[in-house]
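Listed here are the chains, written in short residue letters.
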Amino acid sequence: MSSRRSSFRRREKPAFERFKDHCRHFTAFMFSNVGIILLVTFYIIGGAFIFQGIEIFEYERLKSEKPHRFIARNFSGECLTRIWELTAENISFFDQHAYRRRVNDALLDYQRAIVKKQLKGPDVEQWSFSGAVLFSLTVITTIGYGNITPQSEWGKLVTILYAIIGMPLFLLYLSNIGDVLAKSFKWVYSKVCLCRICPGVAKRRIIRERRKMRQLARALQMHDMENARGSSSYTSTSSTTTSNSSSSDYTRSSWQSSTLMDIPYTESDSDIEREIRGSTDEITVPVTVCIFVMVGYILWGALLFGRWEDWNYLDGSYFCLISLSSIGFGDLVPGDRVITADKDKVEVSFILCAMYLLLGMAVIAMCFNLMQEQVVHNIRAIKRGFKACFRCRSS
């Protein structure tokens, strides 16, 4: 009876406590690896709907309130009329230099107007769903191609707030997914490149390494014994304190060499199997492998964009490098034909392009993480080498 009452009391929980538990579990899931991917994906899609709605609504509102702003200007006719007026004013060509200067100014204004119109693009056609997704992606990834920009005041204000929230979220995505990819890549590297997947090959490799360590320990021990004999014969008439210090140095060096001599290397040792099955946290991936992964990913993207956008191989590689490094010049932009398409149409190639950029930045973060571990490992090895050299000189 008492157990039933206690279980019933344990089941009873205040509504606020249950709400707090649900919020805690939801927050933990959203900031996990799967949750952060879903959060970034829905953040980009939600931002696309928001920007598309704001810009189309503002366009329709301004078009109804100020229709004169949306009348297409005839830049060619305006330029010809201006040149005709300049010619009529200077019909006698009294000052030819001033006339040429004014005509050149008119032509330059015409060129600037045409270039500005082409760079700006259509007012509302650029805000298709695919174009809005591209804009949201370039905002949080800090690529910023610049081919799509908000024209309304509300669009600019929402862009500021969207970037303030989205950029830290994307950095969290790069940190979490980069760590997961780094651990996965180290596991694959240990199984494939270090032959941990083949126990026989890995066992022979470990035995060879241990034999080299034992040979190094024997050479170090012989060197220490010779130094100890020479120092004892040379300082036979010295005081007892110096003999005690030399003997203590000898015992210390012999103990260091004996620790290396204690390394087993027989094929029947069970610790070899434990080393083969051990954790991959201590494994460092070479820098050349990381560079090969980044170059391979860029070349793979060049092939994909070459098929989707009809770019050549150099342009595809150039675009992938500029985009994945978040430089984003904007001279080459994916989905030019998608931007001018129907505003409700979504193309699969454009979605794959966005996935390529999201995954590619995580791969770049993974490679930088692995390269940092390798550099730190090499610096520590150099530091140990310097300490060993100074110890030998002082002895």
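So, here's what we can say about the structure. Nothing here was measured: the structure is a model prediction, and the numbers come from that model. (Residues numbered from 1 in each chain as written. Predicted model: local features only at pLDDT ≥ 70, side-chain atom pairs only at ≥ 80, totals over all residues. Heavy atoms only, no water.)

Here's the deal with the packing of aromatic side chains
Enumeration according to the criterion identifies 15 aromatic pairs in this entry. Judged by centre distance (5.0 Å) and plane angle (45°), the rings of Phe-49 and Phe-129 are tilted. Note that Phe-49 is positioned in helix α3 (residues 33-65) and Phe-129 in helix α6 (residues 129-140), a separation of 80 residues in sequence. With centroids separated by 5.5 Å and ring planes inclined at 80°, the aromatic side chains of Phe-305 and Tyr-356 adopt a geometry described as edge-to-face. Remark: Tyr-356 occurs in helix α14 (residues 348-394) and Phe-305 occurs in helix α11 (residues 287-309); sequence separation between them is 51 residues. (Phe/Tyr/Trp six-rings, centres within 6.5 Å; stacked < 30°, edge-to-face > 60°. Helix = DSSP H or I, 4+ residues; strand = E, 2+ residues; numbered from the N terminus.)

Examining the nonpolar core
In this structure, Ile-44, Tyr-173, Phe-305 and Leu-324 are the most contacted members of the largest nonpolar core, which totals 55 residues. The greatest single-element share of this core, amounting to 14 residues, is contributed by α14. Discounting chain neighbours no more than four positions away, the residues touching Tyr-173 are Ile-36, Ile-37, Val-40, Gly-178, Leu-358, Leu-359 and Ala-362. Counting six residues, the second largest nonpolar core, distinct from the first, contains Cys-79, Leu-86, Tyr-99 and Val-103. (Core = buried A, V, L, I, M, F, W, Y, C linked by side-chain atoms within 4.5 Å. Buried < 20%, exposed > 50% of the residue type's maximum accessible area, 1.4 Å probe, protein only. Contact = heavy atoms within 4.5 Å.)

Remarks on the pattern of salt bridges
What the rule picks out here adds up to four salt bridges. Of the charged contacts, one joins Arg-61 and Glu-58 as a salt bridge, the two residues approaching to 2.8 Å between their closest N and O atoms. Here the residue Arg-61 and the residue Glu-58 both occupy positions in helix α3, the gap between them amounting to three residues, near one helical turn. A cluster of three or more residues bridged by salt bridges with shared partners is formed by Arg-82, Asp-109 and Arg-112. (Salt bridge = Lys/Arg side-chain N within 4 Å of Asp/Glu carboxyl O.)

What about the state of the cysteines?
Counting across every chain of the model gives zero disulfides. Residue Cys-290 stays outside any disulfide, its sulfur separated by 5.2 Å from that of Cys-367, the closest cysteine. No disulfide involves Cys-320; its nearest neighbouring cysteine sulfur is the one of Cys-353, lying 8.5 Å away. (Disulfide = S-S within 2.5 Å.)

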